[in-house]
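Coordinates in review
Below are the chains, spelled out letter by letter.
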Amino acid sequence: QELPADARQVASAVGEGHPVILTVGPGDFTSTGHFVVVAGVTDDGNWIIRDPNSPQRSQQTWDPQQVLSQCRNLWEISPRGWL
C-alpha cells in the first residue's frame, strides 16, 4: 500500500517486518530515478537502505529526512497490501 513521506510511518511498517519500497529522484542514489528498499531501522532511527545499484550504499545507514527529501513515492509491502 502507498505510504505518505513520513519517517514514523515508514519505521512502523519496517518494525512490523514489512519492507518499504521507495522511488527516489536525483540525489544520493541516482542522477535520474531509482528504486531502493528500506529494510530496517537502527536504534538511533536511521534507515538501513538496500540499493541494488550499490553494495557500498547498502552498507551504510541513512538519515530518514535526507532520504525522504529525495523520494517521489513510497510503498509498504505487506499481506494486507495485496488484498
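Our subject is the structure listed above.
All values reported here derive from a predicted model rather than from experimental measurement.

1. A short note on the overall build of the chain
Each helix and strand counted, the chain has 3 helices and 6 strands in total. Overall, the chain shows an N-to-C arrangement of helices and strands of β-α-β-β-β-α-β-α-β. Scaling as 2.2 N^0.38, a compact globule of 83 residues should have a C-alpha radius of gyration of about 12 Å, and the chain matches this with 12 Å. A principal-axis box enclosing the C-alpha atoms of the chain has dimensions of 35 × 25 × 20 Å. Here the chain holds 83 residues, and the buried ones make up 40% of them. The contacts of the chain with a sequence gap of at least 6 include a subset with a gap of at least 24, amounting to 51%. Accessible area of the chain: about 4,800 Å², with a carbon and sulfur share of 50%. Once the 5 positive and 9 negative side-chain charges of the chain are each reduced to a mean point, those two points are 5 Å apart.

2. Description of the nonpolar core
One finds V20, L22, W47 and I49 to be the most contacted residues of the largest nonpolar core, which totals 18 residues. Of all the elements in the fold, those that place two or more residues in this core are α1 (7-15), β2 (20-24), β3 (34-41), β4 (47-50), α3 (64-68) and β6 (71-76). Considering each element in turn, this core owes the most residues, 4 residues, to α1. For W47, the residues in contact, after removing those within four places along its chain, are A7, V10, L22, V38, G40, V41, Q60, T61, W62, P64, V67 and L68.

3. Examining the sheet that holds β4
Read across the open sheet, the 6 strands follow the order β1-β6-β2-β3-β4-β5; overall the sheet is antiparallel. What marks the edges here is a single partner per strand, and that holds for β1 (2-3) and β5 (61-62). Note that β2 and β3 share 5 bridges and pair antiparallel. Each bridged residue has a counterpart across the sheet, and for V20 the counterpart in β3 is V38. Together, β1, β2, β3, β4 and β6 form the strand contacts of α1, whose direction differs from that of β3 by roughly 70°.

4. Some points on the side chain of D51
Structurally, the position occupied by D51 is in the loop between β4 and α2 (55-58). The exposure class of D51 is buried, given its relative accessible area of 4%. Ignoring sequence-local partners within four residues, the contact set of D51 consists of F29, H34, V36, R57 and S58.

Calculation notes
- Residues numbered from 1 in each chain as written.
- Predicted model: local features only at pLDDT ≥ 70, side-chain atom pairs only at ≥ 80, totals over all residues.
- Heavy atoms only, no water.
- Helix = DSSP H or I, 4+ residues; strand = E, 2+ residues; numbered from the N terminus.
- Rg over C-alpha atoms; globule rule 2.2 N^0.38 Å.
- Buried < 20%, exposed > 50% of the residue type's maximum accessible area, 1.4 Å probe, protein only.
- Contact = heavy atoms within 4.5 Å.
- Areas by Shrake-Rupley, 256 points an atom, 1.4 Å probe, with all protein chains shown as cover.
- Lys, Arg positive; Asp, Glu negative; His and termini not counted.
- Charge placed at Lys NZ, Arg CZ, Asp CG, Glu CD.
- Core = buried A, V, L, I, M, F, W, Y, C linked by side-chain atoms within 4.5 Å.
- Pairing = 2+ DSSP bridges.
- Axes fitted to C-alpha atoms, helices over the stretch in contact; angles between N-to-C directions.

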